[in-house]
Amino acid sequence: MTLQIENIEKSKISNVDFDNLKFGQIFTDHMFECDFENGEWGTPRIRPYQPLLFDPSAKVFHYGQAVFEGMKAYKDDNDDIWLFRPDENQKRINISAERLDMPAFPKDYFFEGLNTLLKMDKEWVKKGGDSALYIRPFIIATENCVSASSSNKYKFMIICSPVQSYYTGEVRVVFADKYSRSADGGVGYAKAAGNYAGSFYPTKLANQEGFQQVVWTDANKHEFLEEAGVMNVFFRVNDTLLTAPTSERILDGVTRKSIIQFAEDKGIKVEVRPVRVTEIVEAARKGELLEMFGAGTAAVISPITGFSNKGESFELPKVENSYATFIKKGITDIQKNIAEDKFGWTVKV
Ligand SMILES: *Cc1c(COP(=O)(O)O)cnc(C)c1O
């Protein structure tokens with residue numbers, strides 16, 4: 001495989017204030033891209049990060065054939081850069097692509113492109129604290145044609161953004177009882193752009209009521225708790241962690257499965273089973289709902305401090321020995337190569 005490389009003339013890194021980064025606004029010097037045409041992926045290339053030129057009829061603008069991934073790279077004290085379970089993201093973008101009738105992107109191109117890009121832009125991966133490089137691979141439909149059918153041209157890209165900790169502030173959530181982000185037979189398990197588009201309006205309504213996120217329930221009857229915003233969701237009832245099994249409606253999060261494995265390894269009881277709205281409300285009333293948190297790459301774990309169900313609000317207690325805090329530290333220490341990785345999750349660039 002040949003990878004064409006065009007280097008930036010002068011890095012823009014000296015213009016960046018790394019102490020005041022807003023999530024996902026600043027991008028590194030280079031980007032990786034590869035175009036699909038005539039039934040095959042062409043020559044992959046890395047070139048200076050820059051705007052792209054599209055015809056207004058490009059299919060992605062009209063029919064939303066677009067899938068993406070989110071990953072993070074960390075730098076350790078020896079200046080080595082580490083990825084966390086990158087195989088999972090590589091596999092998942094192709095699972096998402098298949099559901100949107102888009103071509104799979106070859107694994108060897110994915111990793112050659114990603115590793116080369118990270119080496120070229122390694123100065124952008126800062127160490128210490130919660131500094132990381134957020135990595136965004138994506139695929140979009142680029143055929144110029146507004147007929148409503150699958151595109152015959154696509155573009156795969158990877159862009160990277162330096163980030164600090166993803167502090168979300170107090171997160172209180174509303175249990176969905178009207179809107180849904182996914183349904184049986186739908187695209188909920190795919191990391192499809194349209195899933196996000198459809199979630200923004202219900203989230204705005206929740207914001208107007210003073211809640212930051214929606215906890216999505218099953219579309220049929222709104223009886224089961226499935227995801228928190230764009231994260232998987234966990235509940236701690238007494239000393240047991242509960243989370244829904246993955247399904248067509250739920251995204252199979254890398255953070256979610258890492259939390260399950262980590263928690264079980266530490267002797268925490270985890271039940272992966274459908275979680276009823278009624279049992280969580282009941283547990284909250286009895287004071288047995290000790291914690292609730294979202295799980296995803298950006299924040300790793302995002303604690304939820306309260307929720308509303310059918311107009312009734314509940315606050316969670318402040319717990320000592322929080323599972324969220326313990327598990328988040330355990331996993332991020334592995335990600336940053338501070339703690340031993342006995343699970344074989346981290347991969348050096
Ligand atoms: C990306 C995403 C997650 C979290 O997945 P990770 O692999 O842990 O980052 C959860 N739910 C939805 C809907 C997502 O899009």
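Everything quoted here is computed from the prediction, not taken from an experiment.

What about the environment of lysine 221?
Mapped onto the elements, lysine 221 comes out in the loop between strand 11 (213-217) and strand 12 (225-228). Taking the C-alpha atoms as reference, lysine 221 lies 8.1 Å from aspartate 177; in sequence the two are 44 residues apart.

Focus on the pattern of salt bridges
A complete count under the given rule lists 27 salt bridges for this structure. Ionic pairing is found between glutamate 33 and lysine 155, a salt bridge with its closest N-O pair at 2.7 Å. Within this pair, whereas glutamate 33 is found in strand 2 (residues 30-37), its partner lysine 155 is found in strand 9 (residues 154-163), the two being separated by 122 residues in sequence. Overall, the relative accessible area of 0% leaves glutamate 33 in the buried class. Residue lysine 155 is classed as buried on the basis of its relative accessible area, which comes to 8%. Of the charged contacts in the structure, one is a salt bridge between glutamate 271 and lysine 269, with a shortest N-O distance of 3.2 Å. Since its relative accessible area comes to 22%, glutamate 271 is described here as partly exposed. It is possible to trace a salt-bridge network through shared partners that takes in Glu33, Asp35, Arg45, Arg47 and Lys155.

Some remarks on the nonpolar core
Core analysis: the largest hydrophobic core is formed by 47 residues, its most contacted members being Trp41, Leu114, Ile135, Ile139 and Phe156. When contributions to this core are tallied by element, the ones reaching two or more residues are strand 2, strand 5 (66-68), strand 6 (71-75), strand 7 (81-84), helix 2 (86-99), helix 3 (107-120), strand 8 (132-141) and strand 9. Setting aside residues up to four positions removed in sequence, leucine 114 forms contacts with Met71, Leu83, Ile135 and Ile158.

What about the site of the ligand?
Around the ligand sit 15 residues, and of these Lys191, Tyr196, Glu227, Thr255 and Thr297 come closest. Between valine 230 and the ligand, the recorded distance is 3.4 Å, taken from a backbone N or O atom to a nitrogen atom. Within the backbone of valine 254, an N or O atom sits 2.8 Å from an oxygen atom of the ligand. Considering the ligand on its own, with 390 Å² of exposed area, one finds that the protein chains cover 97% of that surface. Of all the cavities here, the one that holds the ligand is the largest pocket. Those elements giving two or more residues to the shell around the ligand turn out to be strand 13 (231-237), helix 5 (254-265) and strand 16 (289-296). Classifying every residue of the shell around the ligand by side-chain character gives six nonpolar, five polar and four charged.

Scoring rules and cut-offs
- Residues numbered from 1 in each chain as written.
- Predicted model: local features only at pLDDT ≥ 70, side-chain atom pairs only at ≥ 80, totals over all residues.
- Heavy atoms only, no water.
- Helix = DSSP H or I, 4+ residues; strand = E, 2+ residues; numbered from the N terminus.
- Salt bridge = Lys/Arg side-chain N within 4 Å of Asp/Glu carboxyl O.
- Buried < 20%, exposed > 50% of the residue type's maximum accessible area, 1.4 Å probe, protein only.
- Core = buried A, V, L, I, M, F, W, Y, C linked by side-chain atoms within 4.5 Å.
- Contact = heavy atoms within 4.5 Å.
- Near = heavy atom within 4 Å.
- Polar contact = N/O pair within 3.5 Å; in protein donor to acceptor, adjacent residues only side chain to side chain.
- Areas by Shrake-Rupley, 256 points an atom, 1.4 Å probe, with all protein chains shown as cover.
- 1 Å grid on protein atoms, 1.4 Å probe; cavity = no way out; pocket = protein on both sides within 12 Å on 5 of 7 lines; lining within 4 Å.
- Sits in = over half its atoms within 2 Å of the grid points.
- Nonpolar A, V, L, I, M, F, W, Y, C, P; charged D, E, K, R; others polar.

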